[in-house]
Amino acid sequence: MGSQRNSALSDQLRAIAGRDYVLDRPEDLMLYEYDGGVRTHRPDVVVFPQNTEQVSQIVKLAAKVQIPIVPRGAGTGLSGGAIPTEGGILIAFSRMNRILEIDADNMRAVVQPGVVNQILSDSVAHLGLYFAPDPSSQKACTIGGNVAENSGGPHTLMYGVTVNHVTGLEVVLPDGEIVHFGGKAAESAGYDLTGFFVGSEGTLGIVTAATVKLLRRPERVATLLGIFETIDDGARTVSAITAEGITPAALEMMDGWTLQTVEAFCHAGYPLDAGAVLLIELDGLAEAVEEEAEQVRKVCFEQHAREVRRAKDDNERTLLWKGRKNAFGALGRVSPSFYTQDGVVPRTKIPAVLEFIEGVSKKYGLRIGNIFHAGDGNLHPLIMFDARDPEQLHRTEQAGEEILQYCIDAGGSITGEHGVGLEKRNLMSHLFSNDDLDVMLSLRNAFNSQSLLNPGKVFPTSRTCVETRGPALNPILVQEGM
Amino acid sequence: MNATGVSFDVARELRAICGEEHVAEIEKTSVVAVSPASADEVVAIVRLANQHGFSIAPDGGRNDSYPPSKADVHLRMHRFAEVEHYDPADLTVGVGAGTTVAQLNALVADGRLMFGCDPAFPELSTIGGVLAAAKHGPLRQAFGGVRDFCIGVRFVTGDGRKAKGGGRVVKNVAGYDLMKLLIGSYGTLAVITSASFKLFPAPRQTRTFLAEFKTWQEALRLRDQVVRSPLSPMCMEIVSPLARKMMRPEMTDDAWVICICGAGSDAVLARYRKELGSAITRELEDEDERHMWTVLEQFPFGQTAEVPDAYRTSSVFAPPAQLSETLRILQELSNPACIGRVGLGHLLIAAPANDEQGVWSLDSLKHRLPISVQVVSNWSELDSMPSMRAVKQALDPNNVLRGRELF
């Protein structure tokens, strides 16, 4: 974009959002060129709207001058979903961070997209309520980002991912129109556009408010740490627990190397000489939790656990979770960069996929740590590398792709909770046929036919299919060379 | 052709696609019923419809008393009954859209698992129908709606594209969530050919606790008490006095009943008794318990799977705290028979069909009830209609699929 045009655009945005709420100097824009993934691209301008009406005006302006828009929450996403790959306007939601309503009787909250996940739970704690989706980044990530990516977290094993907790949305469509889907009721008349827009990664519209479910805090919580000599024993325990008819609230796994690294940082009391640990949480009615805790302990020992510890109180529980939730930060101390994958396999395939990952690690000469949501088969292999070395980055991406291809071949998926974004878009054609993608693209074009809203996300641009812009109803995916 | 039904030529072409024995003309109508056996046959039929301008209504093909649609062709999906995958250790299953809920439950029972949806008449309800109509039964209290545990879907769009959304794993955010779009779309966007689901461990034992009250206000107080307690019942239903008389003619007294199904060990069930205390008037188990839930699930259809002529049904969802206001207005109208997922704010109303004032019409209900209450079967005047039209246009531009007249 030419600097004159850029300056004119900034002035127009200032007229909408206020003089102090537009950034366009290179040193400011640098802060918005990345998220939690490995790719970067700088926006032309960043704007901080205060309300839905301003968002609508910004979107109308972008449509008029045909400039892309990318919405951004806290930038903690791990798939490049908030990277402005084609420059343009980045809408940052840090000013739209108000909880608009807490309706304890109906166990609902209405929130703006910039509300931080943890702050929502903290704000309703005095009512005995909380918001269930708990990504590891919950101290920073926003509800808007959670909705866009359909985020999960450890406790989504029992309680479901974000879409299971959203009953209504306020959305600004790509033409600037403000629409409302759903409401506070558990079900609404008409197509479930609320469910369809959640997880659409900002490619259909921009969410400016969400009505979310709040859950009642459980009466009893039991947090167990199963310690295993081998990662294989830990992995087998996961399906053994499920086979007992027990659905824990959370069932997390960490391998031995990751444990040592995390323990050095967090001092959570993890064993330093174990092959793997399972962090198992049960919650609910006291009688049921106590019985299940005993059953889980028995299953762990049957699967050769060396020891099963139980957190004695809230402090011990918090410490065990602190290690898990801060693990990514801990790994940052031992490697200049790491690349997080988000593959999913049927949970019975966990032992096989872990063996495969070990092989990939040796093949590419890259250390890979494993810390993941074992209960639902959602892997997070963390590949350690140095981003300053382009050859290492290339090897890292190849290793990641090989792992995800294995997940697809095992009947799984390329993303369980992080979203496709920029980084996995070219793997979409491994998971979906051209017809599948064609249907999705015709739906995107029904709302966002010019692809001005978060362009370059979700849909592949690789050899087999390319994304083109066009009106709805045309076959959009074309074979290269056609 | 639409005015006079499907022409002879089209019927002949349908026979060429599916075979002579799988196409039938429905007596006393100009409607043709066709029973395809594969997604490719559905593609061929849908493309034919786009070419010749006839309309299609998909149905499960298991229930002859299914309300006749105005569409030219009924697409009966009962031959889609194959098991695509069943992975008991992963708690997942994928079946053809024509599989009945009873067949699915029989399949997974050996693994001590269950399907999380219990619609009325499981031997007639097909998976495709459950998804298309977003059907639910009392188990919704524990497991949510089918939108919460359908993990993948295969379908043919109204413009004849064979596609899928989701997959076979319990956690998956790759691509748009097409399951959400098709669930509750009443066959107006695509013909569902198969679907995958998360399954749930079947409880080892259950008990049902009944509590009777003179007024609905007292009944709702028990609901509030349970919601605020640590109990997490599998089912929690309210039954109005008239609904109870319809289900159990021998019950003549005017009582509102709250039915709570608890699952778990002896200790857990003892906790239910302690929490519910003197509110419990009866406790059911085994055959009595199963019978009670079957009768309740079938309301207001009775034994026949047909809506009694004297009634018309409406389904409403209120935010739970607005259920009392909803019940107050319904009582003022004329004390209808109703049951519902009381913990979730749901009511299924069976109102008199003899309704000359139009009190029970969907529009009337919508305007009388609080604005936050959703009359789920009423799609008129929806704010989201332009977006719904955009979706319809993207998947069925010629409006071929008419599982329901919407546009």
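Calculation criteria
- Residues numbered from 1 in each chain as written.
- Chains lettered and ligands numbered in written order.
- Predicted model: local features only at pLDDT ≥ 70, side-chain atom pairs only at ≥ 80, totals over all residues.
- Helix = DSSP H or I, 4+ residues; strand = E, 2+ residues; numbered from the N terminus.
- Rg over C-alpha atoms; globule rule 2.2 N^0.38 Å.
- Buried ≥ 20, exposed ≤ 12 C-beta atoms within 10 Å, placed from the backbone.
- Contact = placed C-beta atoms within 7 Å.
- Pairing = 2+ DSSP bridges.
- Axes fitted to C-alpha atoms, helices over the stretch in contact; angles between N-to-C directions.
- Nonpolar A, V, L, I, M, F, W, Y, C, P; charged D, E, K, R; others polar.
- Domains from an automatic or database assignment.
- Parallel < 35°, antiparallel > 145°, perpendicular 65-115°, else oblique.
- pLDDT = per-residue confidence, 0-100.

Draft legend 1. Highlighting the overall build of chain B. Helix and strand counts for chain B stand at 13 helices and 19 strands. In terms of C-alpha radius of gyration, chain B reaches 22 Å, essentially the compact-globule figure of 22 Å for 407 residues. Seen through its C-alpha atoms, chain B measures out along the principal axes to roughly 70 × 55 × 40 Å.

Draft legend 2. Seen up close, the overall build of chain A. Counting its secondary structure elements, chain A contains 16 helices and 18 strands. Relative to its length of 482 residues, chain A is compact, with a C-alpha radius of gyration of 23 Å against a globular reference of 23 Å. Here the C-alpha coordinates of chain A stretch approximately 65 × 55 × 45 Å along the principal axes. Expressed as a percentage of its 482 residues, the buried residues of chain A come to 59%. Long-range contacts, defined here as pairs at least 24 residues apart, represent 71% of the contacts in chain A between residues at least 6 apart.

Draft legend 3. Up close: the sheet that holds strand E12 (residues 220–228) of chain A. Residues and elements named next belong to chain A. Strand order in the open sheet formed by 7 strands is E15-E12-E14-E13-E17-E18-E16, with antiparallel pairing between adjacent strands. Edge positions in the open sheet fall to strand E15 (305–310) and strand E16 (337–340), since each of these has one partner strand only. Across the sheet, the mean angle separating the axes of adjacent strands is 20 degrees when strand polarity is ignored. Bridge count for strand E17 (residues 368–372) against strand E18 (residues 381–385) is 3 bridges, and the pairing is antiparallel. Bridging across to E18, Asn370 finds its partner in Pro381. Along the sheet face, helix H13 (residues 350–364) touches E17 and E18 and points at about 155 degrees away from the line of E17. The strands touched by helix H14 (residues 390–409) within the sheet are E16 and E18, with E18 carrying the most contacts at an inclination of about 165 degrees.

Draft legend 4. Just the interface of chain B and chain A, in detail. In this assembly, 65 residues from chain B lie in contact with 73 residues from chain A. At the level of secondary structure, the elements contributing two or more residues to the side of chain B that touches chain A comprise strand E9 (162–166), helix H6 (178–182), helix H9 (266–276), strand E19 (374–375) and helix H13 (385–395) of chain B. Looking at the side of chain B that touches chain A, the element that brings in the most residues is H13 of chain B, giving 6 residues. For the side of chain B that touches chain A, the residue count by class is 31 nonpolar, 20 polar and 14 charged.

Draft legend 5. Quick peek at the domain arrangement of chain B. Residues and elements named next belong to chain B. Assigned domains within chain B: domain 1 (2–76), domain 2 (83–201) and domain 3 (206–375). A separation of 26 Å is found between the C-alpha centroids of domain 2 and domain 3. Taken together, the contact between domain 2 and domain 3 spans 10 residues of the former and 14 residues of the latter. Among the residues making up the side of domain 2 that touches domain 3, the classes are represented as 6 nonpolar, 2 polar and 2 charged.

Draft legend 6. Broad picture of the domain arrangement of chain A. Residue and element names in this part refer to chain A. By the assigned domains, chain A splits into domain 1 (3–92), domain 2 (99–216), domain 3 (220–329) and domain 4 (335–409). With centres defined by C-alpha atoms, the gap from domain 2 to domain 3 works out at 29 Å. Listed as interface residues are 5 residues of domain 2 and, on the opposing side, 9 residues of domain 3. Classifying every residue of the side of domain 2 that touches domain 3 gives 3 nonpolar, 2 polar and no charged.

Draft legend 7. Expanded view of the packing of helix H10 (residues 286–302) of chain A against H9 of chain B. The contact between H10 of chain A and H9 of chain B brings their axes to 8 Å, and the two run at 170 degrees. In terms of orientation, H10 of chain A and H9 of chain B fall into the roughly antiparallel class. Where H10 of chain A approaches H9 of chain B, its residues Glu287, Ala288 and Glu291 of chain A are matched on the opposing element by Ala267, Val268 and Arg271 of chain B. Along the lines of polarity and charge, the residues of the contact of H10 of chain A with H9 of chain B split into 3 nonpolar, no polar and 3 charged.

Draft legend 8. Representation of the confidence of the model for chain B. Across chain B, pLDDT averages 91, with 94% of residues at or above 70. ipTM for the predicted complex: 0.95, alongside a pTM of 0.94.

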